[in-house]
Amino acid sequence: QVQLVESGGGLVQAGGSLRLSCAASGNIFVSSTMKWYRQAPGKQREWVTSITMGGFTTYTDPVKGRFTISRDNAKNTVYLQMNSLTPEDSGVYYCAAQFTASRVYWGQGTPVTVSS
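(A) Region of interest: the pairing of strand E5 (residues 46-51). Looking at chain direction, strand E4 (residues 33-39) and E5 are connected through five bridges and run antiparallel. By the bridge assignment for E5, Trp-36 is matched with Thr-49. With antiparallel pairing between neighbouring strands as the criterion, E4 and E5 make up a hairpin whose turn holds six residues, including Gly-42 at a positive phi of roughly 80 degrees. Here three bridges tie E5 to strand E6 (residues 57-59), and the two strands are oriented antiparallel to one another. When the bridges of E6 are listed, Thr-49 appears paired with Tyr-59. The hairpin formed by E5 and E6 contains five residues between the paired strands, and Gly-55 there has a positive phi angle of roughly 95 degrees.

Shown next, in the form of structure tokens:
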């Protein structure tokens, strides 16, 4: 059984930083592309960033240069370092493990609130 558990969310002032973590149980982590999504109140969930098994990273334009995704395969954990946060970055952040095209596992989410 696969479980993803996010942590590290919270309240931060604009311009501040947070580091999110997502710990995965089960044996799919090293074979999965790991992703972060976010969902602001009243909006659809949106993709934020991905990191492949080999460490290739991609980002949505609004976070480029401010967010960094990384993974530690030995710890089955993916991280999201978020710097220069703005109120527009507020929302619930979800970790996802894409094992195959049709098998995606989700965490429960961790809330991030950026005050102006």
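(B) View of unusual backbone geometry. If you check the backbone angles, Asn-76 has positive phi at about 50 degrees while not being a glycine. One can find Asn-76 in the loop between strand E7 (67-72) and strand E8 (77-82). In this model, Ser-84 sits at a positive phi of 50 degrees, which is unusual for a non-glycine residue. Topologically, Ser-84 is positioned in the loop between E8 and strand E9 (91-98).

Calculation rules
- Residues numbered from 1 in each chain as written.
- Predicted model: local features only at pLDDT ≥ 70, side-chain atom pairs only at ≥ 80, totals over all residues.
- Heavy atoms only, no water.
- Pairing = 2+ DSSP bridges.
- Helix = DSSP H or I, 4+ residues; strand = E, 2+ residues; numbered from the N terminus.

Function-wise, these values are silent; they only describe arrangement.
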